[in-house]
Structures are given as C-alpha cells and as structure tokens.
Amino acid sequence: MPIISADLSRTERVEILSAEGVRDFSIPVDLPEEQLLWLYRKMIELRLFDERSVKLQRQGRLGTYPMILGQEASQIVPAACLRPKDWLVPTYRGQGAYYARGMQLRYSLLYWAGDDRGVKFPDENNDLIFAIPVGSHLTQAAGLAWGEKLKGKGGVAMAYLGDGTSSKGDLHEALTFCASMKLPAIYIIENNHWAISVPREKQSAGKTLAQKAWGYGAFGVQVDGNDVFAIYKEVSAAVARAREGRGPSVIECETYRLSHHTTADDAGRYRDASEVEAWKRKDPILRLRRYLESQGLWDAEKEARLQKESLAMLEAEIKAYESFPPPNPLDMFSENYAVAPWQLIEERAELQKILETRTGDENLAVLPPAEGRFP
Amino acid sequence: MPELNLVQAINQGLHQAMAEDERVLVLGEDVGLNGGVFRATEGLQQKFGADRVVDTPLAEIGILGSSIGLAIDGFRPVCEIQFDGFLPSGMDQILCHMGRMRNRTRGRNTVPMVLRCPHGGLIHAPEHHSESPEAYVCHTPGIKVICPSTPADAKGLLIAAVRDPDPVVFFEPKALYRAVKGEVPQEPYETPIGKARQARIGSDLTLISWGAMVHTCLKAAEILEKEGASAEVLDLRTLAPLDLDAILASAHKTGRVVIAHEAPNMGSWAAEVSALISERSLLSLKAPVKRVGSWDIRMPLFRLEKHYIPDAERVLSAARAILAF
Ligand SMILES: Cc1ncc(C[n+]2csc(CCOP(=O)(O)OP(=O)(O)O)c2C)c(N)n1
Ligand SMILES: [Mg+2]
C-alpha cells in the first residue's frame, strides 16, 4: 500500500505591505481608504499613549505598565474587524484592542494605577476583562463563541494571546472545543518573539504557531503582524467564516515587542540591541505612513496635525484620569455576590469603623461615597 | 557573619544546593538568563549551565508535571512558579499527584522536589501577583509547606527542602525579598522543617504568624509593650507539618492567642491553627482564639491593598480585644 498524506494541514504566510511601504496589489484587500486612515490614526494615538504611559510610570504617576510599542497593528486591526456586540477578550497587553473599540484611555490608566474603577468599557460593547493568569481566558472565549452560536445571530468571539501563552494547555482545550463544535471563534496570536525573557524558539519547535490550529481541525494562518493589510485581510476573512458557521480560526501575527516586557523589566539583560534595531526598521506605523504618502493620502502637514490633536486628546485623558478622587476602600465589598453573605456585612462594618477613625485622606468623611451594589 | 536580604539568602541557598548535589535542577519561567523576575536564581545558569538551569516554555502544568517526573526518575527538581496567582494553573499536579505519588505506589515512587513560589502582597503589583494561596496546599496531604520570614531561615529551610525526601512547597514573602536583612552563615546549613521560631518572648498573649505578617506582628508587639502587655510572637516558618508542640506551649503559657496572616480568614490556615488550639488547649485559654486575616473578598487592585491585608493596627485591635476579654 502506498503511504499517503493523512491530513490537509498547510499553513500559509501572508505579507502585503513591505517594510518599505510598498503594497502588493496582486493580493486583493477590501479596506476602504477612510477606514485605512482611521486605523492609522488609532495606531498613532496608541503609540503616543504608550509613550506617555511609560513616562507617567517613571514619574511615579502610574503602576507597572505593559508596553505595546511595535505591536500597534496587531493590537488595533483585529479588534477593528469586529462589531460592538461581538465578544472581545484581549490580554493584559491589550489597551490597544480595547481602544480600537472605543474604551476611554483614562480608564486604562486608572486600571494600571491599581484602581478597580479602571474596568470600564463602553456600555454597548461586549468587551470582557482580560486575564492576568495568561491563557485562562481562551476557553472562556470558546464559551462566549458557543453562546453566540446558540443565539444564532451571527455573533463571534475573538481572543488575543501571546507567543508564550500559546504553550499553555488552555489553548489546546480551547481549540479542541471550538473546532469540534464549529464555534465562531477567532484567536489572534500576537507573536512578539518574547515571553518576558524567553524567546519564541523555546516555546515551540514548530516553524509557526499558526500551524497548531490544523491539528484540531481549525484554520490557521500566519501574517506579517506589522502589516495592516495582511492582518485585515486574514482577520476579516476569519470573522466572516465564523459568522457563516464555518468554524474557528487562528491568526498568528508575527510582530515584535520593541520595549521591555513591562516597566518592571529590563530587556537589556537577555536580548541583543541589534535584534531590536532590526525590528525597528519593520515598524508597522512607519511603513503604513510611507504607503499613505506614496498614494498621496498623507503628508507632513497632516501628520503634524494628527500628532498635535492626539497629544491634546491624551493630555485631556491624563487630566481626567488624575482627577478621579481616591477610591473609597469600602468599594472592595461591593459586587462580590448578588447578595452579600454575613461575613462580608460584618467585615465591611469593621472596615468602615477603621476608616471613620483614620485621619486625613483616609477618613471616610472626606472620601467619595462607596460605589457598586452592597449587600 | 555577612548580612543578606531574603532574596540574596535564597539565591545563596540555591547556589549551594546545586553545588553539593548534581541531581538538583532549577526550572521555570525566566529563571535562566534573566535570573528570575525577582533575581532569586541570578547567576545559576552562568554557573551550572543551561542543562541544569532551564527556562521552560510558559506552562505551569508542564513545569509541575515534569518536575514530578524528574523527581520520580532520580533528580531533585527545584521549580519556580513565577507568582502566587499562577499556582492555581498547576493545581491539578499539586492536588492530584505531587503529594500522593508515594502513597499510591506504596512507597515505590517518591517525589523529592521543591516548588518555589513568591507569596503575598503589599508591593504594588498588578492583579493576581499578590495572593496568599497557602491553605490550598496545606490542605493537601503529602506535601510540606514552608513560609519563612528571615533571611537565615529562608536559606536554611530551602536547603532542608531540597534535601527532603518529600515534596515541599516553599513560599517566599515577596514584600520581604529586599526589605529584611539579617546575618546568614556562609556555609550550607539546614533549618529544621516542622519547627516554629520564637520571634519574641512574652507572657500575656501570643501572636502567631508566618511570612511577611510576622514583621507586622512584631511591630504590634512593640506597641503592646508600651501599653503594658507582653506579647510573644511565634513565627511558624513551616505551615505543614505544623509545630504543634510550640503552638500549644505558647498558648498554654499566655492563654490568649491571635493568629495573623494575609489570606482571607474563611477556610484559611489560621482556621486550622485556631481549631487545633481550641481542641487541645481549651482549658488553658483565657479568651477565644482570634484570627486576623484579609477580608473574605478577592485581593483588590493595589491601590486598596493596604486596606485589605491586615496592618499592625488591625492586629492590635484584635490583641486589645482578647486582652480585655
Ligand atoms: C499562567 C501565568 N504564568 C505566568 C505568568 C507571568 N507572565 C506574565 S506575562 C508572561 C509572558 C507572556 O508572554 P506572551 O504570551 O508571549 O505575551 P507577551 O507578554 O509577549 O505579550 C509571563 C510568564 C502569567 N501572567 N500567567
Ligand atoms: Mg510574547
């Protein structure tokens, strides 16, 4: 008997916009000019936000912050392929994905300042809070997709994960569920080449991370993750397939973490500056700008105006963030149960008594009223 | 004697444990080139090579399950789970296998491994980086659990843990990593597992604690002294097996006990200590045993953590209440 190929797995890589900003028009992408310019604006705003956040952290005005620098395309574009009622579950490095869906940056800042009031998404969105234990959201996304399938209205669920997180067993179980039940789920792997200090090669001996998908019977593709067109083409196709009931997809966006893991990390300890320099030349924003300029859609004057407007918007967001009154510690007790049990009632009263006797800023009389439902 | 902080003491303990026994392996996320996110494994890979100090893929079940396998196969793995909030990720291996293998195989296969994990809050860390999950592990038969509060104990207990024939979970109070300094003998030594430490001698009441909270209790004891009450502070150091003799002796001596810790009170390890005292020393007690723990809600984001984890004030009001009982 001849030995034949037992499966149909094949993983393609899609690149459309080169690092020099030259677009391959032989690959059709249905991305209207207006939307392209909107994506460019969001990426610029996100980059400036990232820069300002790092500065705030260094000045002691923000807690530990995870940088997005270099990943603006893989953050913004997939989320922009969704409708507000589709589910979005980003990672902690996900301020960009939320922002693409309209979350106000003041809340991202508030969250990274260690304030639970920062978990505030636009009311009309189905945005889910990210998970800090990495990967634990992936099976939840399967459940969200399952629910959307049961509702039968074409809704989908999208979850992001990193290259490191692709090693977690959670991905195995999530893809097993999604593929075997043909759930409308899209997994975006942001392969930024590093999981803190651990390089991509240590996570898998496979040539791509996208190829994992085929083993479950899901669709997998790798794209240049700094290429807006390639991401848009593959993610919007995956979303369309999911809406039509044709099952889940994994899109691996190959990008690069240009900064440290977070403000608490020092990447100089474990990676070469030359690697970083090489990736800076593949910057997603730079190449899109070159393309827009080559098409007569952009120029220095427009860029200057965008920068100015973005900075003004950011200053307003930072001001709004810093104008929040301190949180009332009693907020902790709200929203733990639909109806709080006796120990919470006792303990809240105990904390209330402590706060009444504290002085200065800690005194209950000068704090804002507690938020949320209790008991 | 040289002065070291807690993380330096742990680092020295790891260096010496690896030097004295080539079966010892260190594995986990970022433990190699980066030396661990807290630098506890700094310099180990440079000294002992990448075969013995291994940066694993990002997978806690992988880290714990393969450590169990390595231990059964004759090695002495010392694995790291990067933060307390990621311990639940590996719970299947801890609860269902790590402590049971010896018994299930009637002693044929044993698991001499150490699981190191940072513990506790108050360092302004992001969500899921400030948890106190010791009760889940202490509740699981077959596992020893350690949580030191001084550099000297950290080193001695870590070396004892690596040499121990059974699995040991070693919690490292991260608030103390750099905040406490103390004299640490240069040579390798063991601090006995299962023995509590009298951190302060007193006669009117006993404050029982472990990890970073020991230092909060010492602070409270100083204030109580000024108020005319003499507080003993018992640092458990080992949470499983508990040093029952030391706990009961102190309870018997003072008749008043407060147990302070960072986890929520309900179902906590403080509950176990309290139950043991009540069951076995009821007639020595002059007041009910009191627990001071975090509130029975999740650890909030860090802006409110100091209102969540007990401070010296809360330990004090519990102490005053039982003194006035
Ligand atoms: C279950 C779990 N283990 C460990 C960590 C600690 N940790 C936080 S981020 C990170 C690396 C994640 O790498 P990757 O998935 O590539 O995402 P990236 O940070 O590059 O965006 C690690 C190990 C965690 N958050 N959750
Ligand atoms: Mg990564």
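Just so you know, the residues in each chain are numbered from 1, in the order the chain's sequence is written. Numbering of ligands from 1 and lettering of chains from A proceed in the order in which they are written. Predicted model: local features are reported for residues with pLDDT of at least 70 only, side-chain atom pairs are reported and counted for 80 or more only, and whole-chain, interface and lining totals are derived from all residues. Processing note: side-chain calculations cover all non-hydrogen atoms of the structure and skip hydrogens and water entirely.

Caption draft 1: Seen up close, the packing of helix α1 (residues 6–20) of chain B against helix α7 (residues 151–163) of chain B. Residues and elements named next belong to chain B. The axes are straight lines fitted to the C-alpha atoms, using for helices just the contacting stretch, and the angles between their N-to-C directions are given from 0 to 180°. Helix numbers and strand numbers start at the N terminus; a helix is a DSSP run of H or I with at least 4 residues, a strand a run of E with at least 2. One can describe the packing of α1 onto α7 by two numbers: an axis separation of 8 Å at closest approach and a directional angle of 30 degrees. By the angle between their directions, the pair α1 and α7 is classed as roughly parallel. For the pair α1 and α7, the crossing hand works out as right-handed. Along its contact with α1, which presents L6, A9, I10, Q12, G13, L14, Q16, A17 and E20, the element α7 presents P151, A154, K155, L158, I159, V162 and R163. We call Asp, Glu, Lys and Arg charged. Ala, Val, Leu, Ile, Met, Phe, Trp, Tyr, Cys and Pro are nonpolar, and the rest, Gly among them, are polar. A per-class count over the contact of α1 with α7 returns 10 nonpolar, 3 polar and 3 charged. The labels follow the angle: roughly parallel below 35 degrees, roughly antiparallel above 145, roughly perpendicular from 65 to 115, and oblique for the rest. When the near helix sits turned anticlockwise from the far one by under a right angle, the crossing is termed left-handed; a clockwise turn instead gives a right-handed crossing. Contact definition: two residues touch when any of their heavy atoms are within 4.5 Å.

Caption draft 2: Expanded view of the coordination of the magnesium ion (ligand 2). All names here are of chain A. Here a donor is any nitrogen, oxygen or sulfur atom (N, O, S) within 2.8 Å of the metal, with 3.2 Å used for Na, K and Ca; water is not among the atoms considered, so some sites may look incomplete. Around the magnesium ion (ligand 2), the protein contributes the donor atoms D163 (OD), N192 (OD1) and W194 (O), which lie 2.0 to 2.1 Å from the metal centre. Within one chain, the residues serving as donors to the magnesium ion (ligand 2) are arranged as D-x28-N-x1-W. Placement of the pair is D163 in the loop between β4 (157–162) and α6 (169–180) and W194 in strand β6 (residues 194–195), with a sequence separation of 31 residues. In this pair, the class of D163 matches that of W194, namely buried. Working definition: with a 1.4 Å probe on protein chains only, accessible area under 20% of the residue-type maximum means buried, over 50% means exposed, and in between means partly exposed.

Caption draft 3: Structural view of the side chain of Q82(B). Residues and elements named next belong to chain B. Turning to its location among the elements, Q82 is positioned in the loop between β4 (76–80) and α4 (91–98). Judged by relative accessible area, which is 7%, Q82 ranks as buried. Nitrogen and oxygen atoms within 3.5 Å of one another constitute a polar contact, given that in protein one can donate a hydrogen and the other can accept it, and given that sequence-neighbouring residues count only through two side-chain atoms. In this structure the side chain of Q82 is engaged in a polar contact, spanning 3.2 Å, whose partner is the backbone oxygen of E29. One polar contact links Q82 to D30, side chain to side chain, over a distance of 2.8 Å.

Caption draft 4: Region of interest: the environment of I247(B). Mapped onto the fold, I247(B) is located in helix α9 (residues 244–254). Separated by 103 residues in the primary sequence, I247(B) and K144(B) place their C-alpha atoms 18 Å from one another.

Caption draft 5: Seen up close, the environment of V24(B). Residues and elements named next belong to chain B. Positionally, V24 belongs in strand β2 (residues 24–28). Expressed as a C-alpha distance, the spacing of V24 and V78, which sit 54 residues apart in the sequence, is 7.0 Å. Beyond its immediate sequence surroundings of up to four residues, V24 is in contact with A17, M18, R52, R76, V78 and V162.

Caption draft 6: Fine view of the domain arrangement of chain A. The split of the chain into domains comes from an automatic or database domain assignment. What the domain assignment lists for chain A is domain 1 (13–322) and domain 2 (328–375). On a C-alpha basis, the centroid separation for the pair domain 1 of chain A and domain 2 of chain A is 37 Å.

Caption draft 7: Structural view of the sheet that holds strand β13 (residues 257–264) of chain B. All names here are of chain B. The pairing criterion is simple: DSSP has to find at least two bridges between the two strands. Across the sheet, 5 strands lie side by side as β9-β11-β10-β13-β14; this open sheet has mixed pairing. Looking along the sheet, the strands with just one partner apiece sit at the ends: β9 (197–200) and β14 (290–294). Shown here is a sheet whose adjacent strand axes are inclined to one another by a mean of 25 degrees, direction ignored. Bridge count between β9 and strand β11 (residues 231–235): 3 bridges; the pairing is antiparallel. Looking across to β11, one finds that Q198 is bridged to L234. Across the sheet, helix α11 (residues 312–323) touches β10 (205–209), β13 and β14, and the angle it forms with β14 is around 165 degrees.

Caption draft 8: Molecular detail of the interface of chain B and chain A. Contacts between the two partners involve 37 residues from chain B and, on the opposite side, 43 residues from chain A. Computed with a 1.4 Å rolling probe, the buried area is the accessible surface lost when two parts are put together, summed over both parts. For the pair chain B and chain A, the two sides together bury roughly 3,400 Å², of which 59% comes from carbon and sulfur. When the buried surface of chain B facing chain A is broken down by residue, L58(B), W295(B) and R303(B) rank first, second and third, together holding 21% of it. For salt bridges, the criterion is a side-chain nitrogen of Lys or Arg within 4 Å of an Asp or Glu carboxyl oxygen. Seen at the junction of chain B and chain A, the total is 6 salt bridges. Here chain B is connected to chain A by 15 residue pairs in polar contact (both at pLDDT 80 or more). Tallied by class, residues from the side of chain B that touches chain A come to 15 nonpolar, 9 polar and 13 charged.

Caption draft 9: Representation of the site of ligand 1 within the structure. Distances are taken per atom, and a residue is near a molecule or strand as soon as one of its heavy atoms is within 4 Å of it. For ligand 1, the set of nearby residues contains 21 residues, the closest of which are Y92(A), R93(A), D163(A), T165(A) and E60(B). One nitrogen or oxygen atom from the side chain of T165(A) is found 2.6 Å from an oxygen atom belonging to ligand 1. One of the side-chain nitrogen or oxygen atoms of N192(A) is found 2.8 Å away from an oxygen atom of ligand 1. Residue burial considers only the protein chains on display, and all accessible areas are found by Shrake-Rupley using a 1.4 Å probe. Burial of ligand 1 by the protein chains amounts to 96% of its free accessible area of 580 Å².

Caption draft 10: Up close: the pattern of salt bridges. This model, assessed by the stated rule, comprises 45 salt bridges over all chains. Residues E244(A) and R246(A) are paired through a salt bridge, measuring 2.6 Å at the closest nitrogen-oxygen approach. Since its relative accessible area comes to 52%, E244(A) is described here as exposed. Between E225(B) and R200(B) there is a salt bridge, and its shortest N-O distance comes to 2.8 Å. Residue E225(B) is found in helix α8 (residues 213–226), and its partner R200(B) is found in strand β9; the two are separated by 25 residues along the sequence. Look at R200(B) and you get buried, because its relative accessible area is 14%.

Caption draft 11: A nonpolar patch on the surface, seen in detail. Each patch is built from residues lacking any salt bridge and having more than 30% relative accessible area; the joining distance is 9 Å for like charges and 5 Å for nonpolar side chains (Val, Leu, Ile, Met, Phe, Trp, Tyr). Taken together, the side chains of W146(A), L150(A) and F177(A) present a nonpolar region at the surface, about 340 Å² in accessible area. With respect to the element layout, W146(A) can be found in helix α5 (residues 138–151).

Caption draft 12: Molecular detail of empty space enclosed by the protein. A cavity here means a set of 1 Å grid points, computed over protein atoms only, where a 1.4 Å probe fits but cannot escape. A pocket is an open set with protein on both sides within 12 Å along at least 5 of 7 lines, and lining residues have an atom within 4 Å of a point. Grid points are joined across faces, edges and corners, and a volume is the space filled by probe spheres set on the points. In the structure shown here, the tally under the stated rule is 5 cavities of 30 Å³ or more. In this structure, the largest cavity occupies an estimated 80 Å³ of space. Contributing to the lining of the largest cavity are G94(A), Q95(A), Y98(A), M103(A), S108(A), Y111(A), W112(A), G118(A), V119(A), F121(A), I129(A) and F130(A). When residues of the lining of the largest cavity are traced back to their parent elements, those giving at least two are α3 (95–100) and α4 (105–112) of chain A. Tallied by class, the residues present in the lining of the largest cavity amount to 8 nonpolar, 4 polar and no charged. In this model, the second largest cavity occupies a volume close to 70 Å³. Lining the second largest cavity are G63(A), T64(A), Y111(A), W112(A), G114(A), H124(B), A125(B), P126(B), E127(B), L301(B) and F302(B). A per-class count over the lining of the second largest cavity returns 6 nonpolar, 4 polar and 1 charged.

Caption draft 13: Up close: the domain arrangement of chain B. Residues and elements named next belong to chain B. The assigned domain composition of chain B is domain 1 (3–183) and domain 2 (197–323). Summarising the inter-unit geometry, the C-alpha centres of domain 1 and domain 2 are found 26 Å apart. Taken residue by residue, the interface counts 28 residues in domain 1 and 24 residues in domain 2. Together domain 1 and domain 2 conceal approximately 2,100 Å² of surface at their shared face, both sides included; 61% is due to carbon and sulfur atoms. Three residues, L122, C147 and S149, lead the burial of domain 1 against domain 2; their summed loss comes to 22% of the area buried on that side. On the surface where domain 1 and domain 2 come into contact, there are 3 salt bridges. Between D153 and R237 there is a salt bridge, and its shortest N-O distance comes to 3.0 Å. Summed over the shared surface of domain 1 and domain 2, the number is 13 residue pairs in polar contact (both at pLDDT 80 or more). Among the elements of the structure, α6 (134–138), β6 (144–146) and α7 are those that each provide at least two residues to the side of domain 1 that touches domain 2.

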